[in-house]
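Residue strings, one per chain:
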Amino acid sequence: MSDDGDSLKRRIEDWMVGQMPIIQMHGGDSVVRKADPESGEVVVELGGACAGCGISNITANNIKSDLIMDFDDVTDVQVKVPSSGDHGASTVEGGRGGELQYGEEDPGHF
C-alpha cells in the first residue's frame with residue numbers, strides 16, 4: 001500500500017476514535033480494512049458488541065455518510081457488521097486487527 005493509502009487509513013482510524021466513541025463505550029470495536037485514496041473506497045468493519053446489535057445499522061449508516069462528508073478523498077464507504085460472533089476483544093483486537101466471523105445471512109446494511 002502506498003504512503004497515501006496508509007495516511008488516509010490512519011486519518012480515518014483517528015476520526016473513528018474521535019467521532020464514534022459510542023462504539024467503544026458500548027463494547028464495540030472498529031477497524032479500517034481498506035482506505036484507497038485513488039478510488040475513494042473505504043471499508044470499515046465493526047466487531048465486538050456491534051455483532052448482532054439492534055442499532056448497528058444506524059451506526060453503519062452514520063459512519064458511511066459522515067466519512068463521505070468529512071473526507072474529500074472518500075467517495076464510497078462500506079461498513080461491515082458481523083451478524084453474530086464473539087463479543088469480546090478477540091473479534092477485532094483493540095479495534096485494529098484480528099479476524100471477524102460472519103454469519104451466513106446478509107443483515108442488509110449495504
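Only a predicted model underlies this, so the values are computations on that prediction, with no experimental measurement involved.

**Things to note about the overall build of the protein**
- Scanning the protein from terminus to terminus reveals three helices and three strands.
- Going from N to C terminus, the protein has its helices and strands arranged as α-α-β-β-α-β.
- Per-residue burial over the protein gives 37% buried out of 110 residues.
- Intrachain contacts of the protein at a sequence separation of at least 6 include 62% that bridge at least 24 residues.

**Some thoughts on the pattern of salt bridges**
- Applying the stated rule across the entire model yields three salt bridges.
- Among the salt bridges present, the one from Arg-33 reaches Glu-45, with a minimum N-O distance of 3.0 Å. A residue pair is termed long-range when its members are at least 10 positions apart, and Arg-33 in strand β1 (residues 28-36) and Glu-45 in strand β2 (residues 41-48) qualify at twelve residues.

**Comments concerning the confidence of the model for the protein**
- Here the protein averages 77 in pLDDT, and 71% of its residues register 70 or above.
- Within the protein, the element-level pLDDT minimum falls on helix α2 (residues 21-25), averaging 85, and the maximum on strand β3 (residues 76-80), averaging 95.
- Low confidence marks residues 85-110, where pLDDT is under 50. Its contacts with residues over four positions away, or in another chain, come to 57 contacts.

**Points about helix α3 (residues 56-70)**
- Along its 15 residues, α3 runs 21 Å from first to last C-alpha, staying within 8% of the 21 Å computed at 1.5 Å per residue.
- Every buried residue of α3 is listed here: Ser-56, Thr-59, Ala-60, Ile-63 and Leu-67. Burial along α3 is one-sided: seen end-on, the buried residues are contained in an arc of 100°.

**Let's talk about the pairing of β3**
- Residues Val-77 and Val-79 of β3 are buried on one face, while the alternating residues Asp-76, Gln-78 and Lys-80, pointing to the opposite face, are not.
- A crossover connection joins β2 to the parallel β3 through α3; in handedness this β-α-β unit is right-handed.

**So, the nonpolar core**
- Counting 20 residues, the largest nonpolar core has Ile-12, Met-16, Leu-46, Ile-63 and Leu-67 as its most contacted members.
- Among the secondary structure elements, those contributing two or more residues to this core are α1 (3-19), β1, β2, α3 and β3.
- Per element, the largest residue contribution to this core is four residues, and it comes from α1.
- Beyond its immediate chain neighbours, meaning those up to four positions away, Leu-67 contacts Ile-12, Trp-15, Val-42, Val-44, Val-74 and Val-77.

Calculation notes
Residues numbered from 1 in each chain as written. Predicted model: local features only at pLDDT ≥ 70, side-chain atom pairs only at ≥ 80, totals over all residues. Heavy atoms only, no water. Helix = DSSP H or I, 4+ residues; strand = E, 2+ residues; numbered from the N terminus. Buried < 20%, exposed > 50% of the residue type's maximum accessible area, 1.4 Å probe, protein only. Contact = heavy atoms within 4.5 Å. Salt bridge = Lys/Arg side-chain N within 4 Å of Asp/Glu carboxyl O. pLDDT = per-residue confidence, 0-100. Expected span 1.5 Å × (residues − 1). Arc of directions from axis to C-beta. Right-handed = clockwise from strand over helix to strand, strands pointing away. Core = buried A, V, L, I, M, F, W, Y, C linked by side-chain atoms within 4.5 Å.

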